[in-house]
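Each chain, written out:
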Amino acid sequence: MQGQLRKMRVRLEQQVQYELPVGDQSVSLNPLIGKPVKLTYTGKIFCMHCNRAIKKSFNQGYCYPCFTSLAQCDMCIMKPETCHYEAGTCREPAWGEEFCFQPHVVYLANSSGIKVGITRQSQIPTRWIDQGAVQALPIFKVQSRYISGLIEIAIAKHVSDKTSWQQMLKSKAEPVDLLVKRDELVAVCEAELAGITQRFGQQAIECLIDQPVVDIHFPVDSYPVKVKSFNLDKDAEVSGVLHGIKGQYLLLDTGVINIRKFAGYEVEFSA
């Protein structure tokens, strides 16, 4: 099977189900746990947006012109609090209106420890799975990505807003009481939350007090003791026994590979 890689498709079931897109085809990965697999990079890369052949990928799959012109590649996607739509400088106002001005969720997750994060409501639970979270809890529903970013900043003063991918891949995170942590964070951030509500209105923020904690189980039969990361630019062939899948990583007995990082790379896949 040969074609361009894309981030793995996921389904939240009793155990997360993974499919690896390779060009126009896809392969179900869960049945391959415990079996040898191989990815061979052909040396070709294609932009995920315009599909032009490129020598170097930017921002996990884009050519440089798309990287510098698309709103989805702008810094405000990583740091929503820097949104500049109101200043009239959004790269693609129509795209911003479609993707940023829609309901977003502020959540707590347990991946390499407790963290706060944000995502479009439509990306739940995909975002949690992609981060390798074993537990997740929505805490606020808000009207826009910008507002979710402001809340994230307030909460991030008290818990991390990042995942340690190395730690996430070494073991299953110990369970934590996200409900108790939610209540603690809402209380300590009361002043900041009140200020955001005063600025944008009562309807801008909805506290999700009745949401249950979501438990996520990944198909992993063993975790690596030491995390060695493959880079297709240096390792044209990646092969080994597939011991698990977590986040967007394949866990092989020879090392791990972040599939999302190499979106647009043309590979041959065999099992």
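Sequence order as written defines residue numbering, which begins from 1 separately in each chain. With pLDDT at 70 or above as the cut-off, local features in this predicted model cover only qualifying residues; side-chain atom pairs require 80 or more to be listed or tallied, and sums for whole chains, interfaces and linings still use all residues. Excluded from the side-chain calculation are hydrogens and water; included are all heavy atoms of the structure.

It is worth spelling out empty space enclosed by the protein at this point. Lining residues are those with an atom within 4 Å of a point, where the points come from a 1 Å grid over the protein atoms alone and group into cavities, where a 1.4 Å probe fits but cannot get out, or pockets, open sets with protein on both sides within 12 Å along at least five of seven lines. Grid points are joined across faces, edges and corners, and a volume is the space filled by probe spheres set on the points. The tally for this structure, following the rule as stated, stands at 1 cavity of 30 Å³ or more. Quantified by volume, the largest cavity comes out at close to 150 Å³. Forming the walls of the largest cavity are 16 residues, and the residues nearest its centre are Cys 76, Ile 77, Cys 83, Cys 90 and Cys 100. Here a strand is any run of E in DSSP of at least two residues, a helix any run of H or I of at least four, and the numbering for each starts at the N terminus. Among the elements of the structure, helix 2 (75-78), helix 3 (93-99) and helix 5 (145-155) are those that each provide at least two residues to the lining of the largest cavity. Polarity classes work like this: nonpolar for Ala, Val, Leu, Ile, Met, Phe, Trp, Tyr, Cys and Pro, charged for Asp, Glu, Lys and Arg, and polar for all others, with Gly in that last group. Here the lining of the largest cavity is built from residues that sort into 11 nonpolar, 2 polar and 3 charged.

A strand pair is defined by DSSP finding two or more bridges across the two strands. Note that strand 3 (residues 17-22) and strand 4 (residues 25-28) share 4 bridges and pair antiparallel. Following the sheet pairing, Pro 21 is matched in strand 4 by Ser 26. In sequence, strand 3 turns back onto strand 4 through a hairpin of 2 residues, with Gly 23 there showing a positive phi of about 65°.

Here we come to the nonpolar core. Within soluble globular proteins, side chains that are nonpolar tend to cluster in buried spots. Among buried residues, those of type Ala, Val, Leu, Ile, Met, Phe, Trp, Tyr and Cys that are joined through side-chain atoms within 4.5 Å constitute a nonpolar core. Burial classes follow relative accessibility: with a 1.4 Å probe on protein chains only, a residue under 20% of its type's maximum area counts as buried, one over 50% as exposed, and anything between as partly exposed. With 52 residues, the main nonpolar core has Tyr 18, Leu 20, Leu 29, Leu 232, Leu 250 and Phe 269 as its most contacted residues. Core analysis: the second largest hydrophobic core is formed by 21 residues, Ile 118, Leu 150, Leu 178 and Ile 205 among them.

A separate point is the pairing of strand 8 (residues 114-120). The side chains of a regular strand alternate, first on one face of the sheet and then on the other. Within strand 8, 5 of the 7 residues are buried, which leaves the element mostly enclosed by the surrounding structure. Here strand 7 (residues 104-110) runs beside strand 8; their pairing, made up of 7 bridges, is antiparallel. Paired with Val 105 across the bridge in strand 8 is Thr 119. What sits between the antiparallel neighbours strand 7 and strand 8 is a turn of 3 residues, in which Gly 113 has the positive phi angle 135°.

Here we take up the side chain of Arg 182. For Arg 182, the position within the fold is in helix 7 (residues 178-188). Taking relative accessible area as the criterion, Arg 182 reaches 9% and is therefore assigned buried. At 3.0 Å, the side chain of Arg 182 and the side chain of Asp 183 are in polar contact. Whether two residues are in contact is decided by their heavy atoms: any pair within 4.5 Å suffices. Discounting residues that sit within four places of it in the chain, Arg 182 has contacts with Leu 108, Leu 137, Ile 139, Leu 208, Ile 209 and Gln 211. Distance and chemistry together define a polar contact, namely a pair of N or O atoms within 3.5 Å, with one atom able to donate a hydrogen and the other to accept it when in protein, and with adjacent residues in sequence counting only for side-chain atoms on both sides.

Moving on: the environment of Tyr 41. Position of Tyr 41 relative to the elements: it lies in strand 5 (residues 36-46). The class for Tyr 41 is buried, based on a relative accessible area of 14%. Separated by 191 residues in sequence, Tyr 41 and Leu 232 have C-alpha atoms that sit 6.5 Å apart.

As a further point, take the pattern of salt bridges. Note on definitions: salt bridges are taken to be side-chain nitrogens of Lys or Arg within 4 Å of carboxyl oxygens of Asp or Glu. Within this structure, the stated rule accounts for 10 salt bridges. Here Arg 11 and Glu 19 are joined by a salt bridge, their closest N and O atoms 3.9 Å apart. With relative accessibility at 26%, the residue Glu 19 sits in the partly exposed group. Among the salt bridges present, the one from Arg 182 reaches Asp 183, with a minimum N-O distance of 3.0 Å. Overall, Asp 183 belongs to the partly exposed group, its relative accessible area being 44%. Among the charged side chains, a salt-bridge network with shared partners connects Arg 9, Arg 11, Glu 13 and Glu 19.

Another point: helix 5. Taken across its 11 residues, helix 5 has 9 buried, putting it largely inside the fold. If you check which residues of helix 5 are buried, you get Arg 145, Ile 147, Ser 148, Gly 149, Leu 150, Ile 151, Glu 152, Ala 154 and Ile 155.

Aromatic pairing here means that ring centres of Phe, Tyr or Trp (its six-membered ring) are within 6.5 Å. Orientation follows from the plane angle: under 30 degrees is stacked, over 60 is edge-to-face, and everything else is tilted. Summed over all chains, the structure comprises 10 aromatic pairs. In this structure an aromatic cluster arises from ring pairing among Tyr 41, Phe 262 and Tyr 265.

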